[in-house]
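Descriptive structure summary
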Amino acid sequence: MAMNSIKIAPSILAADFGRLAEQVQLAQEAGADLIHIDIMDGQFVPNITMGPLVVAAVARVATIPLDVHLMIDAPERFLQNFADSGAASISVHVEACTHLHRVLGQIDALGCRPGVALNPHTPASALCEILDMAQIVNIMTVNPGFGGQRFIAGMTRKIRALRRMAAESGRDIEIEVDGGINADTIRTVEAAGATIAIAGTCVFQHQHGIAAGIEELRRAAALKDAYGDF
């Protein structure tokens, strides 16, 4: 891969919501490629976060794409709301959709990039029948619901499997990795085939600020590119 080829998507789940607009602006000024927004309903995952109004607020200040991750049951109920709020991409969970094929088609029809997310226990093979409809695959490398968790090392096998599946499909599919990303794990996931690293705590709660957090990730990815995974 080329130097700094992996994209950085800061997750506002770890941001200071009292200064959300400012923090989003700082992240994009520091070179973030996307802004990741985690939507949780307290049912599919054990937490409640935000909704379309927050996405719309971020859209008013963001100049980079908003990557919306719906960790909610029956997400088809709210696709229109999030598309109208400014989402550039919408990812739904395999585990939350009774009719996943239909839901991905609805996202595409709304003008958003369709994405599908997999919880740690769900195998890559769950996407075999719908991979041709997805532009993004989000591989959860923690059990979803809370930020700041540790990366589950065994998920690198799933990243490699999805990269092979994407290559065999002949399509340009983004592979996101979500959970426990930091300067150490970003090297591993990029080497396994990830193209987008979603990072919350190590960006928005970095001791030297948001720009330093993003720069630390960039440097780590550059080391991987220069010397290989280690």
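Before any of the text, the structure's been laid out above.
Burial analysis of strand β5 (residues 113–118) places five of its six residues in the buried class, the great majority of the element. Where strand β4 (residues 89–93) and β5 come together, five bridges link them in parallel fashion. Considered in β5, the bridge of I90 is made with P114. In this fold, β4 hands off to helix α4 (residues 100–109), which returns the chain to β5; that crossover is right-handed.

The next thing to look at is the packing of helix α5 (residues 155–169) against helix α6 (residues 185–192). Each pair of packed helices can be described by the angle between their axes along with the distance between the axes. Between α5 and α6, whose axes approach to 8 Å, the crossing angle comes to 30 degrees. Considering their axes alone, α5 and α6 lie roughly parallel with respect to each other. Every residue of α6 that contacts α5 at T156, I159, R160 and R163 is listed here: T188, V189 and A192. Looking at side-chain class alone, the contact of α5 with α6 contains three nonpolar, two polar and two charged residues.

Here we have eight strands laid out as an open sheet, ordered β1-β8-β7-β6-β5-β4-β3-β2, and parallel in their pairing. Across the chains shown, the open sheet's two edge strands, defined by having one partner strand only, are β1 (7–10) and β2 (35–40). Averaged over all pairs of adjacent strands, the angle between their axes in this sheet comes to 25 degrees, without regard to strand direction. Two strands pair when backbone bridges link them, and β5 and strand β6 (residues 136–140) are joined in this way by four bridges, in the parallel orientation. Within β6, the residue paired with A117 across the bridge is N138.

Quick look at the nonpolar core now. Core analysis: the largest hydrophobic core is formed by 69 residues, its most contacted members being I12, I37, V92 and L127. The residues contacting I37, other than those within four sequence positions of it, are I12, M50, V55, V58, L66, D67, V68 and H69. M40, F44, V45 and A96 belong to the second largest nonpolar core, which has five residues in total.

Here the focus is α6. An α-helix turns once every 3.6 residues. As a result, residues three or four positions apart point the same way. With six of eight residues buried, α6 lies mostly within the body of the structure. Here α6 has its buried residues at T185, I186, R187, V189, E190 and A192. One or two residues past the end of α6 sits G193, with phi positive at roughly 125 degrees.

Another aspect to go through is α5. For α5, spanning 15 residues, the distance from its first C-alpha to its last is 21 Å, which sits close to the expected 21 Å at 1.5 Å a residue. In the core, the buried residues of α5 are packed alongside β5, β6, β7 (174–178) and α6.

Of note, K158 is situated in helix α5. Only 2.6 Å separates the side chain of K158 from the backbone oxygen of T122, close enough to count as a polar contact.

The next point concerns the state of the cysteines. Throughout this description, disulfide means a covalent bond between two cysteine sulfur atoms. All told, the structure shown has zero disulfides when counted by the stated rule. Free of any disulfide, C97 has its nearest neighbouring cysteine sulfur in C112, separated by 15 Å. Classification of C97 as buried rests on a relative accessible area of 11%.

Here the focus is the pattern of salt bridges. Per the stated rule, a full pass over the model turns up five salt bridges. Linking D16 and R19 is a salt bridge whose minimum nitrogen-to-oxygen distance equals 3.3 Å. Residue classification places D16 among the partly exposed residues on the basis of a relative accessible area of 34%. For R19, a relative accessible area of 38% translates into the label partly exposed. For D33, the salt bridge is made with R218, and the minimal N-O distance between the two is 2.8 Å. With D33 in the loop between α1 (20–29) and β2 and R218 in helix α8 (residues 210–227), this pair connects stretches of sequence that are 185 residues apart. Given the relative accessible area of 27%, D33 is considered partly exposed. Overlapping salt bridges, with partners in common, bring together D16, R19 and E22 in one network.

What counts, and where the lines are drawn
- Residues numbered from 1 in each chain as written.
- Predicted model: local features only at pLDDT ≥ 70, side-chain atom pairs only at ≥ 80, totals over all residues.
- Heavy atoms only, no water.
- Buried < 20%, exposed > 50% of the residue type's maximum accessible area, 1.4 Å probe, protein only.
- Helix = DSSP H or I, 4+ residues; strand = E, 2+ residues; numbered from the N terminus.
- Pairing = 2+ DSSP bridges.
- Right-handed = clockwise from strand over helix to strand, strands pointing away.
- Axes fitted to C-alpha atoms, helices over the stretch in contact; angles between N-to-C directions.
- Parallel < 35°, antiparallel > 145°, perpendicular 65-115°, else oblique.
- Contact = heavy atoms within 4.5 Å.
- Nonpolar A, V, L, I, M, F, W, Y, C, P; charged D, E, K, R; others polar.
- Core = buried A, V, L, I, M, F, W, Y, C linked by side-chain atoms within 4.5 Å.
- Expected span 1.5 Å × (residues − 1).
- Polar contact = N/O pair within 3.5 Å; in protein donor to acceptor, adjacent residues only side chain to side chain.
- Disulfide = S-S within 2.5 Å.
- Salt bridge = Lys/Arg side-chain N within 4 Å of Asp/Glu carboxyl O.

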